[in-house]
Amino acid sequence: MEKKKGKAIVVGGSIAGLSCAHSLTLAGWDVLVLEKSSEPPTRSPTGAGLGLDSQVRQIIKSWLPHPHLLDEITLPLSIDQNQVTDSEKKGTRILTRDENFDFRAAYWADIHSLLYNALPQTMFLWGHKFLSFTMSQDESTVKVQTLVMETQETVEIQGDLLVAADGCLSSIRKTFLPDFKLRYSGYCAWRGIFDFSGNEKSETVTGIKKEYPDLGKCLYFDLGEKTHSVFYELINKKLNWIWYVNQPEPDLKGNSVTMKVSQGMINEMHQEAETIWIPDLARLMKETNDPFLNVIYDCDPLEQFFWGNVVLVGDAAHPTTPHGLRSTNMSVLDAEVLGKCLEKCGPENLSLGLEEYQRIRLPVVAEQVFYARRLGRVKQGLDRDGTGLEQRNMPFFSSAPLV
Ligand SMILES: Cc1cc2nc3c(=O)[nH]c(=O)nc-3n(C[C@H](O)[C@H](O)[C@H](O)COP(=O)(O)OP(=O)(O)OC[C@H]3O[C@@H](n4cnc5c(N)ncnc54)[C@H](O)[C@@H]3O)c2cc1C
C-alpha cells in the first residue's frame with residue numbers, strides 16, 4: 001500500500017518558497033506554490049547581490065540535478081575585509097582581514113532561476129495573490145482563498161499544510177500576530193549594480209581595481225563616520241554596492257521595503273558620496289544606473305513559527321537586517337530543516353514535525369537576528385560597544401544545526 005502523500009500550499013515564490021518546494025518534494029509531499037507576481041523573474045535584472053555560505057551551498061547543490069551550475073553562476077568571496085575611510089585625506093586603512101571567509105557571491109535573479117528551473121513548472125501558480133485561509137477545527141486541513149490576478153476570480157485550494165514564505169511583510173503572519181510591527185533600524189540602504197561589461201579598461205574601472213585590488217574574491221566593508229558601505233564583484237562584469245545612511249524612518253507607501261527614488265534624491269546621494277568616500281568609489285556610485293533605496297527593518301525574534309498546520313519560513317519568520325549576509329542563507333536552512341523534520345515524522349504526525357522544525361530553527365535565527373542588528377549599529381556609529389567587525393563572529397557561522 002502506498003502511503004498517503006501530504007499536500008503543502010506554499011505562499012511566495014521567492015527564495016524561501018522555492019527552497020521549500022525542493023525540500024518538501026524530497027520529503028515526499030505534493031507541493032503547490034502561489035505567487036502574486038505574474039511570471040518568474042528569470043530574465044529581468046531583479047534584485048542585486050547576495051552571499052551564500054558553504055553549508056547553504058551544499059544544501060542547494062543537494063537539490064539540483066546539475067549541482068556544478070551553482071559554482072558557475074557565483075564568484076568566490078574568500079576574503080572578508082573591513083577598512084576605515086578617512087574622508088578628509090580620501091584614503092583607506094585596513095582594520096580586519098579574514099582570508100578564510102569561504103562565501104560565494106551571486107546575483108539574486110540567478111539563484112532564483114537555478115532553483116526554479118530544477119522544479120516542475122506545473123508546481124507553480126503565478127499571478128495568484130493569497131487572500132485568506134481557514135483551518136479545519138482539527139487542524140488537519142487548510143483552505144486557501146487566492147485571487148487570480150488576470151481574471152480577478154477568487155479560487156479556493158485545499159491542502160494539509162500552509163507554508164508562509166510571503167516575505168518580511170507577511171500577511172499570513174498578520175492573522176496570528178495582528179499587532180506585530182517591524183522595527184526600523186535607524187537607516188536606509190542605497191544599492192546599485194555597476195555594469196562594466198565592454199568597459200573593462202575605462203578610467204572608472206581601472207581606478208576602482210587599483211583601490212580594491214582583491215575584487216573578484218573579496219567582500220569589502222568601508223567604514224566612514226556614522227556610515228558604512230559594502231562592495232563586491234558579481235559574475236558577468238558587475239560590481240555590487242550598498243551604502244547605509246542614518247535617517248528618520250521614511251513614510252513607506254505600498255507593500256514593499258524598496259522606495260521609489262526621485263532624480264533629486266539620487267543627485268543628493270551623489271554629492272554626499274563625494275564628501276565621504278574615496279573619489280573612485282564615489283565616481284562608481286555616480287556612474288551606476290538606476291540605484292534604489294531599501295528601508296532596513298528587522299524584528300525581535302518571534303515566540304513561535306507555527307500555529308496548527310500553518311508554518312512560517314524565511315523573512316516571514318525572521319525579518320533581519322542584512323549585515324550578517326543572512327536572510328537568503330536562513331531561508332534555505334529553514335526549508336532544509338522543515339523538509340527533513342516532515343520527512344522524519346510523516347504527514348500523519350505533522351505537528352511533531354513542525355515542533356521539531358521550530359525547536360531547531362528558532363534559537364538559531366534569534367541569535368543571528370540580534371547579532372546582525374548589533375553589527376549594523378556598530379558600523380553605523382549608533383552603538384560604540386557590541387561586537388567584533390568580522391563576519392566569522394556570527395553565531396552558527398556556516399554550521400547551523402540540521403535534523
Ligand atoms: C524581487 C526580489 C529581489 C530581491 N533581491 C535581493 C538581493 O538582490 N539581495 C538580497 O540579499 N536579497 C534580495 N531579496 C530578498 C531575499 O530574497 C530575501 O530577503 C530572502 O531570501 C528571504 O526570502 P523570502 O522568500 O523569505 O522573502 P522574499 O524574497 O521577500 O519573498 C516573498 C515572496 O512572497 C510573495 N508574496 C508576498 N505576499 C504574497 C501574497 N499575498 N500572495 C502571493 N505571493 C505573495 C512576494 O511577491 C515574494 O515573491 C529580493 C527579494 C525579491 C522578492
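Residues numbered from 1 in each chain as written. Predicted model: local features only at pLDDT ≥ 70, side-chain atom pairs only at ≥ 80, totals over all residues. Heavy atoms only, no water.

Naming follows an unreviewed UniProt entry, where the chain appears as Zeaxanthin epoxidase of Cardamine amara subsp. amara.

Topic: the nonpolar core
Condition: Here, nonpolar core refers to any group of buried Ala, Val, Leu, Ile, Met, Phe, Trp, Tyr and Cys residues whose side-chain atoms link them within 4.5 Å. Only protein chains enter the calculation, and the probe is 1.4 Å; a residue is then buried if its accessible area is under 20% of its type maximum, exposed if over 50%, and partly exposed in between. Helix and strand assignments come from DSSP, with helices taken as H or I runs of at least 4 residues and strands as E runs of at least 2, each series counted from the N terminus. Where each domain starts and ends comes from a domain assignment, either automatic or drawn from a database. Between two residues, a contact is recorded if the distance between any of their heavy atoms is within 4.5 Å.
Counting 99 residues, the largest nonpolar core has Leu 24, Ile 111, Leu 161, Leu 162 and Leu 338 as the members making the most contacts within it. With 11 residues, the single largest contributor to this core is helix α10 (residues 350–379). Built from parts of two domains, this core gets at least three residues from each of domain 1 (7–70 + 110–181 + 300–393) and domain 2 (78–106 + 184–298). If sequence neighbours within four positions are ignored, Leu 24 has contacts with Ala 8, Trp 29, Val 31, Leu 161, Val 163, Leu 338, Gly 339 and Leu 342. Counting 32 residues, the second largest nonpolar core, distinct from the first, contains Ile 208, Cys 218, Val 257 and Leu 281.

Section: the site of the ligand
Heads up, the rule is: We call a residue near a molecule or strand when any one of its heavy atoms sits within 4 Å of it. Here a polar contact is taken to be a pair of N or O atoms separated by no more than 3.5 Å, where protein atoms must pair a possible hydrogen donor with a possible acceptor and residues adjacent in sequence count only if both atoms sit in side chains. Under the convention adopted here, Pro, Cys and the residues Ala, Val, Leu, Ile, Met, Phe, Trp and Tyr are nonpolar, Asp, Glu, Lys and Arg are charged, and Gly plus all remaining residues are polar.
In the vicinity of the ligand, 27 residues are found, and the nearest of them are Ser 14, Glu 35, Ala 48, Phe 130 and Asp 315. A distance of 2.9 Å is found between an oxygen atom of the ligand and a side-chain nitrogen or oxygen belonging to Trp 108. Ser 327 is positioned such that a nitrogen or oxygen atom in its side chain is 3.2 Å from an oxygen atom of the ligand. For the shell around the ligand, the secondary-structure elements that each account for two or more residues are α1 (15–26), β2 (30–35), β3 (49–52), β9 (128–135) and α9 (327–345). Its residues assigned to classes, the shell around the ligand shows 9 nonpolar, 12 polar and 6 charged.

Remarks on the environment of Asn 294
Relative to the assigned elements, Asn 294 resides in strand β18 (residues 292–298). Once the C-alpha coordinates of Asn 294 and Arg 326 are considered, the two residues, 32 residues apart in sequence, prove to be 16 Å apart. Within polar-contact distance, the side chain of Asn 294 engages the side chain of Arg 191 at 2.9 Å.

Section: the UniProt feature "domain: FAD-binding" (unreviewed entry) in the chain
Where we set the bar: UniProt positions are given in the numbering used here, feature names are shortened, and annotations may be inferred rather than shown by experiment.
When the UniProt feature table is mapped onto this chain numbering, "domain: FAD-binding" (unreviewed entry) sits at residues 303–367. Secondary structure across residues 303–367 divides into 57% helix and 8% strand, with the first and last C-alpha atoms of the span separated by 13 Å.

What about the sheet that holds strand β15 (residues 227–234)?
For the record, the criterion: Pairing between strands is defined by DSSP: at least two bridges between the two strands are required. Geometry is summarised by axes, namely lines fitted to C-alpha atoms with helices restricted to the contacting stretch, and by angles between N-to-C directions that run from 0 to 180 degrees.
Taken in spatial order, the 8 strands of this open sheet run β6-β5-β14-β15-β16-β13-β18-β17, and their pairing is mixed. Of all the strands in the sheet, just β6 (91–98) and β17 (258–259) have a single pairing partner and so form its edges. Against the sheet, α10 contacts β5 (79–86), β13 (183–195), β14 (218–224), β15 and β18, and its axis sits at roughly 75° relative to β13.

Some words on the pairing of strand β7 (residues 103–107)
In terms of residue burial, β7 counts as a mostly covered element, since 5 of its 5 residues are buried. Alternating positions in β7 separate into two faces, Phe 103, Ala 105 and Tyr 107 on one and Arg 104 and Ala 106 on the other, with burial throughout. In this structure, β3 lies alongside β7, joined through 4 bridges in antiparallel fashion. When the sheet's bridge partners are listed, Leu 52 is paired in β7 with Arg 104.

Focus: the domain arrangement of the chain
The parts lose accessible area when they come together, and the size of an interface is often stated as this lost area. Here the chain is partitioned into domain 1 (7–70 + 110–181 + 300–393) and domain 2 (78–106 + 184–298). If you average the C-alpha positions of domain 1 and of domain 2, the two centres end up 28 Å apart. Taken together, the contact between domain 1 and domain 2 spans 33 residues of the former and 37 residues of the latter. Here domain 1 and domain 2 share 17 residue pairs in polar contact (both at pLDDT 80 or more) between them. Listing elements by their share of the side of domain 1 that touches domain 2, those giving two or more residues are β3, α2 (54–63), α4 (108–117) and α10. The biggest single contributor to the side of domain 1 that touches domain 2 is α10, with 5 residues.

Let's talk about the state of the cysteines
Using the following cut-off: Only a pair of cysteine sulfur atoms within 2.5 Å qualifies as a disulfide here.
What the rule picks out here adds up to 0 disulfides. No disulfide involves Cys 20; its sulfur sits 12 Å from the nearest other cysteine sulfur, which is in Cys 341. For Cys 20, a relative accessible area of 0% corresponds to the buried category. Cys 345 carries a free sulfur, and the closest cysteine sulfur to it, the one in Cys 341, is 6.7 Å from it. Of the residues examined, Cys 345 reaches a relative accessible area of 13% and is grouped as buried.

Remarks on the packing of α1 against α4
How we decide: Here the word oblique covers every angle except those under 35 degrees (roughly parallel), over 145 (roughly antiparallel) and from 65 to 115 (roughly perpendicular). A crossing counts as left-handed when the near helix is turned anticlockwise from the far one by less than a right angle, and as right-handed when that turn is clockwise.
One can describe the packing of α1 onto α4 by two numbers: an axis separation of 10 Å at closest approach and a directional angle of 25°. Here α4 runs roughly parallel to α1, going by the angle between their axes. Crossing of α1 over α4 shows left-handed handedness. Judged by residue contacts, Ile 15, Leu 18, Ser 19 and His 22 of α1 engage Trp 108, Ile 111, His 112, Leu 115 and Tyr 116 from α4. For the contact of α1 with α4, the per-class residue count stands at 6 nonpolar, 3 polar and no charged.

Concerning α2
What α2 keeps buried is the set Gln 55, Val 56, Arg 57, Ile 59, Ile 60 and Trp 63. Those residues of α2 that are buried lie in contact with α1, β3, α3 (68–72), β7, α4 and α9. Taking the backbone nitrogen of Gln 55 as reference, a side-chain oxygen 3.1 Å away marks Asp 53 as the first, capping residue of α2.

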